[in-house]
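Survey of secondary and tertiary structure
Here are the chains, one letter per residue:
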Amino acid sequence: MTSLHAHPTTLFVNAAQTITCAGPGRARRGIEMQAAGVHAGLGVAVQGDRIVATASDDALRRQIPNAAEVDCQRGLLAPGFVDSHTHAVFGAARFSEHELRATGVPYMEIARRGGGIHSSVRDLRARSDEELYALAGPRLARIAAGGVTTIEIKSGYGLTPHDELRTLRVIARLAAEGPMRVVATCLAAHEIPLEYRERTDGRAAWIETITRDIFPQVASEGLATFADIFCEPGVFNAEETRLVLNAGKPLGLRPKMHADELHDGGAAALGVELGAVSVDHLAAVSPAGVAALAASDTVATVLPATMLFLGTGRQAPVRALMEAGAAVALASDFNPGTSPLQAFPLVLTLAVSELRMSAAEAWVAATVNGAAALGLAGETGQLAPGYKADIAVHAVEDYRALPYWFGERLCIGSWRGGRACHVTG
């Protein structure tokens with residue numbers, strides 16, 4: 001690489017292939033998801049934090065003489081990935097649950113025994129803010145090393161007003177000091193805290209705590225863009241979901257949902273009704289849910305690594321979603337219990353091998369549509385003039401090679417707004 005730092009004007013040149021995902025600044029659907037914009041000999045000019053031109057290398061050099069250059073080393077020049085669903089702030093890993101599932105103990109039974117989310121809750125509550133920050137920082141660096149330039153991070157392992165707010169403050173610090181763009185989501189409705197489950201009025205009391213105590217403080221401090229909820233039989237039901245998400249809207253917390261992950265509870269259609277920016281998981285979504293998503297602006301975010309790691313043997317019906325006309329995004333669901341994945345390109349591999357997406361569809365789902373799932377499709381997710389210079393270079397000569405060489409670390413460098421997130425060598 002020529003340089004590790006931003007320059008007033010920089011040309012990204014000498015790429016064997018460039019995939020731009022250029023097009024409208026909104027979620028792509030149907031046949032649009034196949035239009036990934038693959039070019040040979042295309043370079044990108046960056047001025048400040050924005051892309052100002054895309055053209056052949058020679059044309060860019062004539063247009064902007066004496067600019068600094070980043071040598072793409074005959075690799076793939078691409079938009080940075082947008083990982084629109086993670087739980088990256090947590091304490092300890094949960095190795096034992098991986099083995100428990102291998103013996104046939106299901107996810108919800110592990111949770112009933114006090115494991116799962118509750119295990120991470122106990123752990124997070126015992127850690128300081130500095131510990132949480134120190135653990136999360138290297139994780140984000142490893143994620144950036146896979147070509148991710150924008151990441152969403154949820155709270156949800158605190159489950160008290162104090163611990164939810166301090167988690168979101170740690171996320172805000174990561175956003176201010178870390179390499180990537182970080183979008184925060186308040187997931188106080190991740191579970192009913194165990195201490196509330198022991199009360200006869202516990203469910204209603206925790207929902208009131210979220211809506212009357214946590215959300216107003218989150219909004220007052222500007223700590224989150226979204227409010228999320230785990231809408232699943234045994235966790236939060238449809239009416240509780242409606243109460244929580246509607247309470248966040250007047251405070252500026254846009255709705256998101258964990259929906260139809262393990263069982264069909266009609267959550268996808270409910271998310272559409274509530275105007276959710278995205279509904280995520282969807283491994284158990286019904287045909288009615290697919291139809292509702294196809295007729296809406298809500299993004300269907302699928303998380304194939306989660307279903308693989310859980311060993312369920314099933315995945316979200318992505319082809320049905322796309323053929324119906326839904327906008328599909330891909331995300332990692334990085335978390336300590338069900339998707340400890342810090343290598344985002346593996347999500348593309350799973351998209352092709354497990355979800356039967358084409359490589360072009362997977363790229364669009366992981367860039368433009370991931371941005372749409374965060375309300376950022378007009379700002380990032382594509383290499384086009386006017387967009388943020390969120391760029392990655394991979395040591396492959398063909399966009400199809402990145403999902404093909406699964407498990408390899410092939411990202412040469414990534415830049416957020418023209419500034420380096422990760423550069424090798």
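Residues numbered from 1 in each chain as written. Predicted model: local features only at pLDDT ≥ 70, side-chain atom pairs only at ≥ 80, totals over all residues. Heavy atoms only, no water.

1. Brief notes about the overall build of the chain
Within the chain one finds 17 helices and 18 strands. Computed over C-alpha atoms, the radius of gyration of the chain comes to 21 Å, within 12% of the 22 Å expected from 2.2 N^0.38 for 425 residues, which places it in the range of a compact globule. With the C-alpha coordinates of the chain rotated into their principal frame, the extents come out at 75 × 45 × 45 Å. Each of the 425 residues in the chain was classed as buried or not, and the buried ones make up 60%. If you take every contact in the chain between residues at least 6 apart in sequence, the share linking residues at least 24 apart comes to 73%. Accessible area of the chain: about 15300 Å², with a carbon and sulfur share of 53%. Of note, the chain has its 37 positive side-chain charges centred 2 Å away from the centre of its 44 negative side-chain charges. (Helix = DSSP H or I, 4+ residues; strand = E, 2+ residues; numbered from the N terminus. Rg over C-alpha atoms; globule rule 2.2 N^0.38 Å. Buried < 20%, exposed > 50% of the residue type's maximum accessible area, 1.4 Å probe, protein only. Contact = heavy atoms within 4.5 Å. Areas by Shrake-Rupley, 256 points an atom, 1.4 Å probe, with all protein chains shown as cover. Lys, Arg positive; Asp, Glu negative; His and termini not counted. Charge placed at Lys NZ, Arg CZ, Asp CG, Glu CD.)

2. Regarding the sheet that holds strand β18 (residues 419-423)
In a beta sheet, neighbouring strands are held together by backbone hydrogen bonds and run either parallel or antiparallel to one another. Taken in spatial order, the six strands make up an open sheet running β3-β2-β7-β16-β17-β18, and their pairing is mixed. Among the strands making up the open sheet, the edge pair consists of β3 (38-39) and β18. With two bridges connecting them, strand β2 (residues 17-19) and β3 associate as antiparallel partners. Bridging across to β3, Thr-18 finds its partner in His-39. (Pairing = 2+ DSSP bridges.)

3. Some remarks on the UniProt feature "domain: Amidohydrolase" (unreviewed entry) in the chain
The UniProt entry lists residues 126-395 under the feature "domain: Amidohydrolase" (unreviewed entry), expressed in the numbering used here. Along residues 126-395 the backbone is 44% helical and 16% strand, and the end-to-end C-alpha distance reaches 42 Å. (UniProt positions renumbered as here; feature names shortened; annotations may be inferred.)

4. Here's the deal with the sheet that holds strand β14 (residues 299-302)
An order of β8-β9-β10-β11-β12-β13-β14-β15 is seen for the eight strands of this open sheet, with the pairing classed as parallel. Across the chains shown, the open sheet's two edge strands, defined by having one partner strand only, are β8 (81-83) and β15 (328-330). Taking each pair of neighbouring strands and ignoring which way they run, the sheet shows an average axis angle of 25°. As paired strands, strand β12 (residues 254-259) and strand β13 (residues 278-281) are joined by four bridges and run parallel to one another. By the bridge assignment for β13, Lys-256 is matched with Ser-278. (Axes fitted to C-alpha atoms, helices over the stretch in contact; angles between N-to-C directions.)

5. Details of the nonpolar core
Met-357 and Trp-363 are the most contacted members of the largest nonpolar core, which has 103 residues in total. Each of domain 1 (9-80 + 381-423) and domain 2 (81-374) accounts for three or more of the residues forming this core. If near-sequence neighbours (up to four positions away) are discounted, Met-357 is found in contact with Met-33, Val-318, Arg-319, Met-322, Val-328, Leu-330, Ala-351, Val-352, Ala-362 and Ala-365. Judged by nonpolar contacts, the second largest core, of 15 residues, contains Phe-12, Val-44, Val-70 and Trp-415. (Core = buried A, V, L, I, M, F, W, Y, C linked by side-chain atoms within 4.5 Å. Domains from an automatic or database assignment.)

6. Remarks on the side chain of Arg-94
Within the secondary structure, Arg-94 is located in the loop between β8 and α2 (95-102). We classify Arg-94 as buried; its relative accessible area is 7%. Of the polar contacts made by the side chain of Arg-94, one reaches the side chain of Ser-120; its length is 2.7 Å. Not counting chain neighbours up to four residues away, the residues in contact with Arg-94 comprise Gly-116, Ile-117, Ser-119, Ser-120, Tyr-157, Pro-336 and Gly-337. (Polar contact = N/O pair within 3.5 Å; in protein donor to acceptor, adjacent residues only side chain to side chain.)

7. Considering the pattern of salt bridges
All chains considered together, the criterion is met by 27 salt bridges. Of the charged contacts in the structure, one is a salt bridge between Asp-123 and Arg-127, with a shortest N-O distance of 2.7 Å. Residues joined by salt bridges that share partners form a network here, namely Asp-49, Arg-50 and Lys-388. (Salt bridge = Lys/Arg side-chain N within 4 Å of Asp/Glu carboxyl O.)

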